[in-house]
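Report on the structure
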Amino acid sequence: MNKIAFFLSGLTGIIGLLIIMVTEIIQSVMPFLGRAAFQTAASGSYTPADYYIDFSILQYFSFFLIILSIIVSILFYRVDKSKNDTD
């Protein structure tokens, strides 16, 4: 049954990677959307810093998920391998 836990830990790592990918896409697209909104409204002044979203805590959490999934995957792999070696 360690195969299920091994798979779920790998899935956790993939979720961490997807979180990083989505946050990077949002951070790169938001200044362009802000510029389009500024040009439509035609008021005030445009600075890309006004449309910057800080995802640092979310990215730290996703790095933690990736590291945790690697560690748990290694542990489950070793347990399953040692169980199969004794059989």
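Refer to the structure printed above.
Just so it is clear, the model here is predicted, and its values are computed rather than measured.

**Considerations on the overall build of the protein**
Scanning the protein from N- to C-terminus turns up two helices and zero strands. For 87 residues, the compact-globule estimate of 2.2 N^0.38 gives 12 Å, and the protein exceeds it by more than 25% at 21 Å. Overall, the C-alpha framework of the protein stretches about 75 × 15 × 10 Å when taken along its three principal axes. Evaluated residue by residue, the protein yields a buried proportion of 20% over its 87 residues. Expressed as a percentage of contacts within the protein between residues at least 6 apart in sequence, the contacts between residues at least 24 apart total 77%. Of the roughly 6600 Å² of accessible surface on the protein, a fraction of 73% belongs to carbon and sulfur atoms.

**Re the packing of helix 1 (residues 2–41) against helix 2 (residues 56–86)**
Packing of helix 1 against helix 2 brings their axes to within 8 Å, and their N-to-C directions diverge by 160 degrees. Overall, the two elements helix 1 and helix 2 adopt an arrangement that is roughly antiparallel. When the axes of helix 1 and helix 2 are compared, the crossing they make is left-handed.

**Brief notes about the side chain of Gln27**
Looking at the element boundaries, Gln27 is found in helix 1. In this structure the side chain of Gln27 is engaged in a polar contact, spanning 3.1 Å, whose partner is the backbone oxygen of Ile53. Residues within four places of Gln27 in sequence aside, it is in contact with Tyr52, Ile53, Phe55 and Gln59.

**A short note on helix 1**
For helix 1, spanning 40 residues, the distance from its first C-alpha to its last is 57 Å, which sits close to the expected 58 Å at 1.5 Å a residue. Residue Val29 marks the point of greatest curvature in helix 1, where the axis turns by about 30 degrees; the proline Pro31 follows within four residues. If you check which residues of helix 1 are buried, you get Asn2, Ser9, Gly13, Gly16, Ile20, Thr23, Gln27, Pro31 and Gly34. Positive phi appears at Ala42, one or two residues downstream of helix 1, with a value of about 55 degrees.

**Digging into the environment of Tyr46**
Secondary-structure assignment places Tyr46 in the loop between helix 1 and helix 2. Assessed through its relative accessible area of 19%, Tyr46 is described here as buried. Residues Tyr46 and Arg35 lie eleven residues apart in sequence; the distance between their C-alpha atoms is 6.7 Å. Residues in contact with Tyr46, not counting those within four places in the same chain, are Pro31, Gly34, Arg35, Phe38 and Tyr51.

Procedures and definitions
- Residues numbered from 1 in each chain as written.
- Predicted model: local features only at pLDDT ≥ 70, side-chain atom pairs only at ≥ 80, totals over all residues.
- Heavy atoms only, no water.
- Helix = DSSP H or I, 4+ residues; strand = E, 2+ residues; numbered from the N terminus.
- Rg over C-alpha atoms; globule rule 2.2 N^0.38 Å.
- Buried < 20%, exposed > 50% of the residue type's maximum accessible area, 1.4 Å probe, protein only.
- Contact = heavy atoms within 4.5 Å.
- Areas by Shrake-Rupley, 256 points an atom, 1.4 Å probe, with all protein chains shown as cover.
- Axes fitted to C-alpha atoms, helices over the stretch in contact; angles between N-to-C directions.
- Parallel < 35°, antiparallel > 145°, perpendicular 65-115°, else oblique.
- Left-handed = near helix turned anticlockwise from the far one by under 90°.
- Polar contact = N/O pair within 3.5 Å; in protein donor to acceptor, adjacent residues only side chain to side chain.
- Expected span 1.5 Å × (residues − 1).
- Bend = angle between axes of the 7 residues up to and from the residue.

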